[in-house]
Structures are given as structure tokens and as C-alpha cells.
Amino acid sequence: MVKVCVLGAFGGIGQPLSLLLKINPHIDELSLYDLNDCHGISKDLSHINTKSTTSGFDKNTLKDALQGSNIVVIPAGMARKEGMTRDDLFKVNANIIKTLCLHIGQTCSENVKVLIISNPVNCLVPVAIETFRKLGKLHPENIMGITTLDIVRAETFLREHLRELNNDDIDPLDHDVISVVGGHSGTTIVPIIPDKNIIKLLGSSRYKQLVHRIQFGGDEVIKAKKSSGSATLSMAYAASEFISTILLSMTHGTGICSKEQKYRYLPAYVYLPGLKNGAQLKRHLKQVAHLDVNYFAVPLKFKNGSISELDPTILTKLSQEEIELLRAAMEPLQINIKKGEKFVQNTAKM
Ligand SMILES: NC(=O)C1=CN([C@@H]2O[C@H](COP(=O)(O)OP(=O)(O)OC[C@H]3O[C@@H](n4cnc5c(N)ncnc54)[C@H](O)[C@@H]3O)[C@@H](O)[C@H]2O)C=CC1
Ligand SMILES: O=C([O-])CC(=O)C(=O)O
């Protein structure tokens, strides 16, 4: 029996994500929670003839929503509008993530996977990690910030450039054509193209445009939505892809994302210490980017739903442009991480 719980299920991401999860054949029970009453959404989804059952909860029944969950995905909290940075969301969303993680820690088994969508991801994963640490229930292999939208965008935008160049030999969805590491905001988002011939093929101007669009794709959506919010549908798709990967690894052992029969490892933003190859990756980062961080988005391998190891090879074949992007990412990332850690460490009582 696989139970997935969505916290923030009533929202712009929560509703389409719940729909995509309802049609996922690997889920048996879907639990929908929000401060807004989710009974109506649950009833609506329950008429879809897929195998999973759905239950809706309201703000007084969080414990019931969480009980027995294998995966908890969190798109709860405030979203950006034009003129705001992801950092502007910190105060409100850090409180939400801390409170929700406390309840998860008190209610769910220690093997529960906690997947954070809410922004700023760079700070809120540290908030989650420190909250579980304070509870004495820290399992870094089960806590991830979802950065899949960055790679979904990278593949889409690269495909657009290749089409304009009339190149249909390269499929961006092939394993390892493009990856995205670092964090999830502006210059902390670092695209990596292992085959440097592709960078040459794009040429300097197109390459710069591609990197900028991947780093600031979120702003593009906010602008087009004319202040009504940020990416919701593409984010729901991205989260559903990421969750499918984890579910595959729970049902088939190892989890790799299969898209049109092409396989690749998806990155997520994780706490490096304590993860297999984490120390190696930190050393490598220090060598290349001259700074050390404990959190980084990196391609992951899964076993039975948990992170089994990180792919450290992603940083071994960098171009000079990529090294510079990485160096520019490190300082803002470090500031974001400290902000999240301090937020919980300064809370006297849990
Ligand atoms: N990781 C990523 O790549 C992306 C992250 N996001 C982030 O996802 C978050 C959600 O975005 P949207 O769905 O567009 O926002 P939204 O405002 O449409 O929905 C948020 C939902 O969270 C609920 N909520 C607030 N506090 C809660 C609590 N304590 N417990 C349960 N539910 C609570 C609200 O009632 C609302 O239904 C934002 O922080 C946004 O920045 C958005 C796009 C991409
Ligand atoms: O830009 C935002 O605020 C939402 C987000 O994280 C994204 O679309 O990548």
C-alpha cells in the first residue's frame, strides 16, 4: 500500500499535482490537506476511475491526513507575484515548513519521504533538515527539495534552440544531455551540458540566452501571468515526474526517470553530509568553486524510495563558462542555507 499526502493540495500547484497523482498507477491512497477544506477536491478526484482512493482534510485534521503516509509532498505556502524575489517568501513559508515538518516527524514513520516544493527551496530544505534534527529524527536520504522544474525547463529551452538550428540529432531528453545543479533561484541555478560540442554548436550568444532563461524561467511565467501568481501547471508536471521516479524505485528497486523510453537521473536539492558520495561532491565543489556548501542540487540515484547515492561525475567535465556559473552560485547559496539553518536553530523550543 502506497500512501501519498499533499500538503497545500488546494493551491495552484496542489490541485493539478493531485490530479496527476490520482492517475499514477503506483499510488493506492491519496491524502489531500490544506488550510482550505479539501473535501470537495477529494470528492471530485474520487470520480476518476483509477485505482487509488482519495481523502480530503481540513485545517483541524492534519494528523489524520499524514497518518501512514509513505511520501509527503509540500506545495503549501505563499507564491511570488511580480516584483518579489523568492527570498521575500522566506518568513511566511519558513514558519509553514517548520510547523508541517514538526507534525510529519511526530506522526509519520521515520522512513517517510518529505519533498519540498515551497519557496525559497534553497532556505526551506535547511529549515526541514534542522527541524527533523531537533526532533532527533533526521534521515537526510529522505528529505529533498524538488528542483525538477529547472531540468524540465532546461530540456524544453535547449530543444527550442536545437530546432532553430535544424538539429534533430540531439534529443535533450536523452540521458545526460543537460542537467541542472546548485540551487533553485536565479544565479544559484547552474545548467551543465556534459558534451561540450553542444555548447559549441549553440554558439556564445545562444548559450548565454539559454542559461539566462533556465535561471530566470520563473520570472518569465510570473510576468506572463500578470501578477496572478507563479508557475503552477509546469511545476505540478515536474513534481509528478519526480514523485513517479521515487515511486518506481519503491516498486522496482532502483528509480530512474523514464521519459519516452529514455532514462536519466533527476536532480534534487539535498543535504550532502550523510549521503553516499556527499563528502566527495563537497570536496569537488571546494576545489572547483572555492567554497564549501552542505546543500546542493545534484542528480540522484534512488533505492526503495530513498536516495542511495549522488552522481558526483556531473562536476568532473565542466567548461570554463560552467565553472564561472558554479562560482557565481556558491555565495548566494551559502547565504540562503545559513538563513534557513539559523531560523530553526534560533527557535528555543519545538
Ligand atoms: N520548487 C519549485 O520549483 C517551485 C516552487 N513554487 C512554490 O510553491 C509554493 C506554492 O505555490 P502555489 O501553489 O502557486 O501557491 P498557492 O497560493 O496557489 O497555493 C498555496 C496553498 O498553500 C496553502 N497553505 C498555506 N499555508 C498552509 C499550511 N500551513 N498548511 C497547508 N496548506 C497551507 C494555501 O491555503 C494554498 O491553498 C510557493 O511557495 C511557490 O513559490 C512554485 C513553482 C515552482
Ligand atoms: O518563480 C517562482 O517564484 C516559482 C518558481 O520557483 C519557479 O517557477 O521556478
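These figures come from a predicted structure and were not determined experimentally. Starting afresh in each chain, residues are numbered from 1 along the sequence in its written order. To read the labels, note that chains go from A and ligands from 1, taken in the order they are written. Local features in a predicted model are, by the rule used here, given only for residues with pLDDT of at least 70; side-chain atom pairs are given and counted only at 80 or more, and totals for whole chains, interfaces and linings are based on all residues. For the side-chain quantities, the full set of heavy atoms in the structure was used; hydrogens and water were omitted.

**Student:** I'd like a rundown of the overall build of the chain, residues and numbers included.
**Tutor:** Think of it this way: any DSSP run of H or I at least four residues long counts as a helix, any run of E at least two long counts as a strand, and we number them from the N terminus. Within the chain, the regular secondary structure consists of 11 helices and 14 strands. The globule rule puts the C-alpha radius of gyration for 350 residues at 20 Å, and the 19 Å found for the chain is close to it. Dimensions of the chain, computed from the C-alpha atoms along their principal axes, are close to 55 × 45 × 45 Å. Put simply, of all contacts in the chain between residues at least 6 apart along the chain, 75% involve residues at least 24 apart. To measure how exposed things are, a 1.4 Å probe is used in the Shrake-Rupley method; for residues, cover is taken only from the protein chains shown. About 14800 Å² of surface is accessible on the chain, with carbon and sulfur atoms providing 52% of the total. The globule rule used here is 2.2 Å times the number of residues to the 0.38 power, and the radius of gyration it is set against is calculated over C-alpha atoms. When checking whether two residues touch, look at their non-hydrogen atoms; a contact exists if any pair is within 4.5 Å.

**Student:** Which residues make up the domain arrangement of the chain, and what values go with them?
**Tutor:** As annotated, the domain borders come from an automatic or database domain assignment. We note that the domain assignment places domain 1 (3–145) and domain 2 (148–342) within the chain. The straight-line distance from the C-alpha centre of domain 1 to that of domain 2 is 22 Å. Taken together, the contact between domain 1 and domain 2 spans 39 residues of the former and 48 residues of the latter. Here the buried area means the combined drop in accessible surface, using a 1.4 Å probe, for two parts upon being joined, counting both sides. Together, the buried faces of domain 1 and domain 2 total about 3600 Å²; carbon and sulfur atoms form 66% of this surface. Whenever Lys or Arg places a side-chain nitrogen within 4 Å of a carboxyl oxygen from Asp or Glu, that contact is recorded as a salt bridge. Between the two partners, domain 1 and domain 2, sit 1 salt bridge. The closest approach of N and O atoms between Asp219 and Arg80, which form a salt bridge, is 3.5 Å. Any pair of nitrogen or oxygen atoms within 3.5 Å is treated as a polar contact; in protein, a donor-acceptor pairing is required on top of that, and neighbouring residues in sequence qualify only through side-chain atoms on both sides. Remark: the boundary between domain 1 and domain 2 carries 12 residue pairs in polar contact (both at pLDDT 80 or more). Elements with a contribution of two residues or more to the side of domain 1 that touches domain 2: helix H1 (14–22), strand S4 (71–74), strand S5 (113–116), helix H5 (121–134) and strand S6 (143–145).

**Student:** Pulling in residues and values, what's your account of the site of ligand 2?
**Tutor:** We call a residue near a given molecule or strand whenever any one of its heavy atoms falls within 4 Å of it. For ligand 2, the full set of nearby residues is Arg80, Arg86, Asn119, Leu149, Arg153, His184, Gly218, Ile222, Ser230 and Ala231. Arg80 is positioned with one of its side-chain polar atoms (N or O) 2.7 Å from an oxygen atom of ligand 2. The contact in question runs from an oxygen atom of ligand 2 to an N or O atom on the side chain of Arg153, over 2.8 Å. Calculation on ligand 2 without its partners gives an accessible area of 260 Å², and the protein chains cover 95% of this total. Detection works on a 1 Å grid of protein atoms alone, calling trapped sets that fit a 1.4 Å probe cavities and calling open sets with protein on both sides within 12 Å along at least five of seven lines pockets, with lining residues defined by an atom within 4 Å of a point. Whether a molecule sits in a cavity or pocket is decided by its atoms, more than half of which must lie within 2 Å of the grid points. When atoms are counted within 2 Å of each cavity's grid points, the one that captures over half of ligand 2 is the largest pocket. At the level of elements, helix H6 (148–164) and helix H8 (217–224) are the ones that each hand at least two residues to the shell around ligand 2. In this classification, the charged set is Asp, Glu, Lys and Arg, the nonpolar set is Ala, Val, Leu, Ile, Met, Phe, Trp, Tyr, Cys and Pro, and all remaining amino acids, among them Gly, are polar. Considering only residue class, the shell around ligand 2 consists of 3 nonpolar, 4 polar and 3 charged.

**Student:** How would you sum up the site of ligand 1? Please name residues and give values.
**Tutor:** Of all residues adjacent to ligand 1, which total 27 residues, the nearest are Gly12, Ile13, Asp34, Met78 and Ile117. Contacts to ligand 1 include Asp34, whose side-chain N or O atom sits 2.6 Å from an oxygen atom. In this structure, an oxygen atom belonging to ligand 1 sits 3.0 Å away from a side-chain N or O atom of His184. Here ligand 1 has 870 Å² of accessible area as a free molecule, and 85% of this is covered by the chains. Of the pockets mapped on this structure, ligand 1 occupies the largest pocket. Formed jointly, the shell around ligand 1 draws a minimum of three residues from each of two domains, domain 1 (3–145) and domain 2 (148–342).

**Student:** Can you explain the pattern of salt bridges? Please cite residues and give values.
**Tutor:** Using the criterion set out here, one finds 10 salt bridges in the structure. Its salt-bridge partner being Arg159, residue Asp171 comes within 3.4 Å of it at the nearest N-O pair. With Asp171 in the loop between H6 and strand S7 (179–182) and Arg159 in helix H6, the pair connects residues that are 12 residues apart, well separated along the chain. The classification of residues rests on relative accessible area computed with a 1.4 Å probe and restricted to protein chains. Under 20% of the type maximum is buried, over 50% is exposed, and intermediate values are partly exposed. A relative accessible area of 28% places Arg159 in the partly exposed class. Across the pair Glu160 and Arg213 runs a salt bridge, and its minimum N-O distance is 2.9 Å.

**Student:** Can you break down empty space enclosed by the protein residue by residue, with the values?
**Tutor:** Grid points are joined across faces, edges and corners, and a volume is the space filled by probe spheres set on the points. Taken as a whole, this structure holds 2 cavities of 30 Å³ or more when the rule is applied. By residue class, the composition of the lining of the largest cavity is 6 nonpolar, 4 polar and 2 charged.

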